[in-house]
Structure formats: structure tokens, C-alpha cells
Amino acid sequence: MYGTYDIPCKLAWDALTIEITSLSDKLFHYRREGAGQSIEKELISGNCKLKISPVEPLSTPKFITPYLLIEFSTPVLIAPRMGQELFLTCPLDLGIHLSTGANFQLIDIFTLTSSKYTLYGDPSNGILCKYWKSNVFNASPDVQIYQEAVLNLRISNEDTEWMEVRQVVLNAYGMKIFYKDDHVQLNAVMEIGAGGIAETDFENDLPNEGLKKSVEIFYKKKLSLASKNFIMEQGL
Amino acid sequence: MNLMTKTLYGDVTLIDLSVAALLILFGILFSKILSIYVRRFLKEKIAKEHVEVIVRVVFYAILGISLLISLPFLGIKLSGFLVTGGVVGIAIGFASQNIVSNLISGIFLIIERPIKIGNSVSIDGTTGVVEDIHIMSTTLRTFEGLFIRIPNQKVFTSNIINYVSNPVRRFEYVIGIRYSDDANRAIELIHELVDAQAFALKKPEPLVFVDQLGDNSVNLMVRIWAPHTEWYALKMEMLWKIKSRLEEEGIEIPFPQRVLWQGKEGTDKSALPFENPILP
């Protein structure tokens, strides 16, 4: 389903249907059924294409926070001065764009996963986060690519004490999602420093051949307002 | 006689004149520098037009003080102003007591910042959204759409509840079920509903527990945390969902009821739930 399509077109996957019909030369009708919603829009546009890509999992059901907290199903204990590459899963939103050359206009966004929010920290100073629970894998797991991505997390403990990590909080501004037909991937780092304070960030580099970078909807909108990394100072 | 010590008029010498000029110059310089710092300090905190008013007040206040200090060097005795100034000062003081009080309260509100524009607040029992914070007053738009102006003195000295100061907020329901219903099953159903709600936060954890064995019902307490932006919508949505789901499972919310037993001679006492001393 990910990819670029000429319009008019009709795409179906499980209980999801996405359809653009032509009403005249420049007037189109967009309809999406599924993901708990039925959306219809009229589009006035010239020559353009439909692009479906995974996007940052922050807009559904409503954008209220740029942070994503992934809780580990089992805690990870890390010895001092040790590092390891771990694989987690991460929720995805699906973005429907109209593309004219290099320009993309988001016309619809939805998710096929259930959403949940949580608070990182205490009610006075905590940070609201989108919540996701993931198993911890030592190799890239098989995931439902329209629901989840694989998060490749390089975790390292720079402290002189053992650390127990139960969660990772990521700032989704600047989140880079790479995908191909059967795989969606994100790369992030988590460096644990003194006192159990960790810094997390996404990596920008294209991981390997065959993957392409997804359209970043938050990068385009609000990059100047936010830094990309996140400091976890209210517990690991 | 040295030119500098030569008397120009009265007792005022050229040195006195120079000192007075220096004091005034220093005052101008100091007030300009202070104005820059005040403007920089308040730039992000309050509206631009209010910043300019405060900056101007600071500028002229410093300038006025430096002028007063320099007056004796110009041969003008301040003692002469004391009586007149004192009487005028008292009169102005009484007249402008509220104005000054509101002004100072406004400045403290700007510095302390217990409320911000756009916050949902309750000030001295008045609830609404903060529309603007002026130097003399704060304006609210109540949830009924009314405009209310509250003097800053009242804002500053009243209890303020800021509903959106923290990122999350808790709400609670008391759900009564019949004594014959399975409370554990009811708790399980409510937990399922809460877990399915995106904005019912995972942490702080929602709580559902038997709170009270009431006169007519077993009362379950439901406590849910939600983002402050979604709190009210979720509160409105959840209660009916809980009621409907419990009813689907045959768990009912009972009406208040009282069982009356009428005693009569010859009544079968075993039908009573307790031993009635009135009956023979």
C-alpha cells in the first residue's frame, strides 16, 4: 500500500478502502473507509499523485504532544560502560498526501493501532507522551508494517553503575522514518549518563539501500520551535 | 578666587552646578540602562504595550529621583517642599491608593505569573479563560461567554485556581451498583472501558475500587487522569459509557430504596431479616 499512485485510484487493504474519483478535470473526490472512520473530501487540484507513507505517530486521535514513550515489556539491565543494539516496535500513523513534484500536501492521516497516552514524570512537572508497549528483541522482528515500525535503538551506559531501563522517551520532531514495501524502520540512540539521566535522539542517516525516507509532517511544520533530542531526567 | 569655587548665585558654585549636571546625566544614563533590562526581562512575559508602560514608569521614576537628589546642589532646599509635598503626598496617596495598589499587584502578577493568557482559571469564585492581563486589571471570559474585568489587587490577594497549570488532571465518579451484583466484574468492566480510551492516561494509573458500602448501593470509586486539554470531554463521555456497559452485563445502578416490615401478631418471625423485639 505504501507508494505513489496516479489518480483517480482505488486501494483496499483488509477493512480499509482509499479511493479518489475524478469529478471533472480539476475536481476530485477523496474517500476513506476504515480505521474507525469514514472521511470524504473534495479536492481541487491539477496534475498530482497520491502518496501513502508512514508518518510520525502523533496526530491520531489528536496531536497533543510531540513525545513518544515506549515501555519495555521486560526491563533491560546494562553494565557500566556497555552498549548494545536493541530492536523495539513503534506505532505508526499513515499519511495520505497529494504530491506535485517535490511538494506534498497531507490530506488525511489515520492509524490502524489503538492509541494511548501517558505521563512521564509526576503530575506537576511531567511530560505528556504518546504511549506504546514493546517487547525487546535482539534482531529485527516481523511487524505489521501498516501498524508498527521497527525501532533500532542503540543503547549505551556511560555511567559507572549498572542501570535498569524500563522505557525510552523520544522527541518525535525530527523523527526519520525509512521504509520500503515490506519494512518500516527508525533508528535512535539512548545514552545513559551520570545519575541515570539519559539523552535520546533519532538518527538521520539512511540505514541501507532500498529504504527511502518518509515525508516528515512535523519537521515541515514546526522544526524551529523544538530541539530534536530529549533528556530523560525523570527516570529510566 | 578659583573659577570653580566662585559663587554663581546664592551659595551655588560651579562645582555644585557640575555635580548637579553629573547627577542628572547619571540618572538619565542609569534609567536608560535599567529600561533596556526591564524591557528585556518582560519581553516574553507580557504584551508589548504593557512593557512600554512599565518601561516608561521606570525611566521617569529614576529620572525624577536623580532630579530630586540634584536639587540641593542647585540651591533649591528640599526642606521647603517637605510640608507642601507631605500634604499633597497624603492627599494624592489617599486618592490613588487603589490605583497604586492595582498597579503594584499587576507588576507582581506579571513577575510571579500564577496565570497566563488562555489559561482556564478560577479567581475568587469567578471561573473562566484569561483573556488579558493588563497593568491595572485582568480580564476573563467566563464559560458562559461573559466578559469580566477583575482589578489586579483582587486577583493578587485572592485564591487562584489554575486548571491548566499542570499537564494532567484527575476526575472521578462514584458508581453505585446493587448489593446482589458482582463488584469484581463491575470493576473489571470499568477497567476495560478506561483502558480503551486513548486520553485516559496509562500513568498515573486509573483506579477503580469499592469505596463505600452505602445505604442503597455498593459504591465504586473511579479515578481517571487525563491531559488537561481533554479532561472535560473525557469526563462527559466516560460516565454514560460506564453506565451503558454495566447495564449490558446485567449490573444495575439501583434507585434509593428502603424495605419496610410491618409487625403483626402471629406473623411468621422467620421471614424477618433480624429479630424484632416488638413482635411477641
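Residues numbered from 1 in each chain as written. Chains lettered and ligands numbered in written order. Predicted model: local features only at pLDDT ≥ 70, side-chain atom pairs only at ≥ 80, totals over all residues. Heavy atoms only, no water.

(A) Structural detail: the side chain of H183 of chain A. When you line up the elements, H183 of chain A lands in strand β16 (residues 183–192). When sequence neighbours within four positions are dropped, the list of residues in contact with H183 of chain A reads S140, I145, V150, F178 and L211 of chain A. (Helix = DSSP H or I, 4+ residues; strand = E, 2+ residues; numbered from the N terminus. Contact = heavy atoms within 4.5 Å.)

(B) A look at the sheet that holds strand β8 (residues 168–177) of chain B. All names here are of chain B. Taken together, the 3 strands give an open sheet; going across it, the order is β8-β10-β9, and neighbouring strands pair in antiparallel fashion. With partners counted over all chains shown, the strands left at the sheet margins are β8 and β9 (207–213), one partner each. Each strand of the sheet is rotated relative to its neighbour by a mean of 25°, with strand direction disregarded. Sheet topology note: the β8/strand β10 (residues 218–227) ladder contains 10 bridges and is antiparallel. Bridged to I175 within β10 is L220. Contacting β8 and β10, helix α7 (residues 231–248) runs over the sheet at an angle of about 20° to β8. (Pairing = 2+ DSSP bridges. Axes fitted to C-alpha atoms, helices over the stretch in contact; angles between N-to-C directions.)

(C) Broad picture of the pattern of salt bridges. Residue and element names in this part refer to chain B. Counted according to the given criterion, the structure contains 21 salt bridges over all chains. A salt bridge links R178 to E252, with the shortest nitrogen-to-oxygen separation between them at 3.8 Å. Residue R178 is located in the loop between β8 and α6 (183–196), and its partner E252 is located in the segment after α7; the two are separated by 74 residues in the primary sequence. Owing to a relative accessible area of 41%, E252 belongs among the partly exposed residues under this scheme. Put simply, E249 and R245 hold a salt bridge, and the shortest N to O gap is 3.3 Å. Of the residues examined, E249 reaches a relative accessible area of 34% and is grouped as partly exposed. (Salt bridge = Lys/Arg side-chain N within 4 Å of Asp/Glu carboxyl O. Buried < 20%, exposed > 50% of the residue type's maximum accessible area, 1.4 Å probe, protein only.)

(D) Up close: unusual backbone geometry. At the junction of I7 of chain A and P8 of chain A, the peptide bond is cis and its omega measures out at 5° in the coordinates. Tracing the backbone through its elements, the reader meets P8 of chain A in the loop between β1 (3–6) and β2 (9–13). Residues K203 of chain B and P204 of chain B are joined by a peptide bond in cis, for which omega reads -5°. Inspection of the secondary structure assignment puts P204 of chain B in the loop between α6 and β9. Positive phi, normally seen in glycine, also occurs at R81 of chain A, with a value near 60°. Accessibility expressed as a relative area gives 56% for R81 of chain A, which makes it exposed. Phi angles above zero are rare outside glycine, and D124 of chain B is one such case at about 50°. Take D124 of chain B: it is sitting in the loop between β3 (120–123) and β4 (126–133).

(E) Up close: the domain arrangement of chain B. Under the domain assignment used here, chain B contains domain 1 (7–112), domain 2 (120–162) and domain 3 (168–248). Spacing between the C-alpha centres of domain 2 of chain B and domain 3 of chain B amounts to 33 Å. (Domains from an automatic or database assignment.)

(F) Summary view of the packing of α6 of chain B against α7 of chain B. Residues and elements named next belong to chain B. Packing of α6 against α7 leaves a shortest axis separation of 10 Å and a crossing angle of 135°. In terms of axis orientation, α6 runs oblique to α7. For the pair α6 and α7, the sense of crossing is right-handed. On α7, the residues touching A186, L189, I190, E192, L193 and V194 of α6 are M238, K241, I242, R245 and L246. Looking at the contact of α6 with α7 residue by residue, the classes come out as 8 nonpolar, no polar and 3 charged. (Parallel < 35°, antiparallel > 145°, perpendicular 65-115°, else oblique. Left-handed = near helix turned anticlockwise from the far one by under 90°. Nonpolar A, V, L, I, M, F, W, Y, C, P; charged D, E, K, R; others polar.)

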